[in-house]
Amino acid sequence: MELKATRYAVEERIATITLHRPERMNAWTGRMHAEYRHCLELADRDADVGVIVVTGAGRGFCVGGDSEALQGHVTKGGYDPGTPARLAQPGFGTSAEFDASFAYHFGLSKPVIAAINGPAAGVGLALACFADIRLAAAGIKMTTAHGKLNLPAEYGLSWLLPRMIGLTRANELLLTSRPFLAEEALAFGLVNAVHPVADLLPQAYAFAANLIATVSPNSLRQTRWQIYRDLHRDVGASVRDSEALLTTMTQERDYAEGVAAFVEKRKPSWGRSDGAND
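The rules we used
Residues numbered from 1 in each chain as written. Predicted model: local features only at pLDDT ≥ 70, side-chain atom pairs only at ≥ 80, totals over all residues. Heavy atoms only, no water. Pairing = 2+ DSSP bridges. Helix = DSSP H or I, 4+ residues; strand = E, 2+ residues; numbered from the N terminus. Salt bridge = Lys/Arg side-chain N within 4 Å of Asp/Glu carboxyl O. Buried < 20%, exposed > 50% of the residue type's maximum accessible area, 1.4 Å probe, protein only. Expected span 1.5 Å × (residues − 1). Arc of directions from axis to C-beta. Contact = heavy atoms within 4.5 Å. Right-handed = clockwise from strand over helix to strand, strands pointing away.

Caption draft 1: Broad picture of the sheet that holds strand S8 (residues 180-181). Within the open sheet, the three strands sit side by side as S5-S7-S8. Their pairing is mixed. Pairing within the sheet leaves two strands with one partner each, and these edge strands are strand S5 (120-121) and S8. Pairing geometry for strand S7 (residues 141-143) and S8, over two bridges, is antiparallel. Note on S8: the bridge partner recorded for Met142 is Phe180.

Caption draft 2: View of the pattern of salt bridges. The full count for this structure, using the stated rule, is 11 salt bridges. Of the charged contacts, one joins Glu35 and Arg31 as a salt bridge, the two residues approaching to 2.5 Å between their closest N and O atoms. With a gap of four residues between them, Glu35 and Arg31 both fall in helix H1 (residues 30-45), about one helical turn apart. Owing to a relative accessible area of 36%, Arg31 belongs among the partly exposed residues under this scheme. As a salt-bridge pair, Arg45 and Glu41 come within 3.4 Å of each other at their nearest N and O atoms.

Caption draft 3: Examining helix H10 (residues 253-264) more closely. In a regular helix each residue adds 1.5 Å, so 12 residues correspond to 16 Å; H10 covers 16 Å between its end C-alpha atoms and thus fits that length. All of the buried residues along H10 are Asp254, Glu257 and Ala261. Taken around the axis of H10, the buried residues stretch over an arc of 55 degrees, which confines them to a single face. Across H10 from its buried face, at more than 90 degrees, point the exposed residues Phe262 and Val263. Where H10 is buried, its residues contact helix H8 (217-230). Phi turns positive one or two residues past the end of H10, at Lys265, with a value near 55 degrees.

Caption draft 4: Highlighting the pairing of strand S3 (residues 51-56). For S3, a buried count of six out of six residues is recorded, marking the element as mostly surrounded by other parts of the structure. On S3, burial covers both faces: Val51, Val53 and Thr55 on one face and Ile52, Val54 and Gly56 on the other are all buried. Examined bridge by bridge, strand S2 (residues 14-19) and S3 share six bridges and lie parallel to one another. Within the sheet, the bridge partner assigned to Thr18 lies in S3 and is Thr55. Remark: the S2/H1/S3 crossover connection has right-handed handedness. Bridging between S3 and strand S4 (residues 112-116) involves three bridges; their strand directions are parallel. Opposite Val53, over in S4, you have Ile113 as the bridge partner.

This is the structure in structure tokens:
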């Protein structure tokens, strides 16, 4: 796929997906949606990628739906996603609950870090919330946005926010669509850290590099899936799953390597990121 609304690069085992419509503050379009899914699929399938970082070009992360697209819905008399009939399906097939727009993040085999470099609204906020780790630039604004456009809470935000920050705060943000700053998001527990904008990407890459160096790829993969599956199931199922994984994963090469590295007080040499771990 030719990338017009995004950019994709891999360096030091970190894939960076950049939303790239800086002249429009990276406003979301059907084209961007299709490209974003394509880039995620590339990263998830690449054995040389250990972590995915998502950020925005210029001064914005993603300010939500493009105003021209919003006007187009009015003209057409209803919602038109503007996406092609066939879309990449990153993360699909892991669990049935994850086989939906943006929920597919939960089915990915690698962690996603959102480096929120500028305003994030509506679908842009939802995208950030589906990441595993969120780092934000100091002073940026965020908002659910939908209420002021006669829209529903978008792309699972009504499911995500109560689980992330509690029902009381989530109701406030969802019902009012008011803007809030990165520092307030940190106090809510919506983001993991706030950094000066110049430090944001370096901090995201440092976080990613530490994950790659210190945690085995299959532990990252399985732990992510445990976390997101457990949001949908009972504690007994969680325990039984963990016991089954314990039996399987202690037979893998990276378990022996992790134990050896711990005993020998050295850095581990992990296997591949694509699940090959013989």
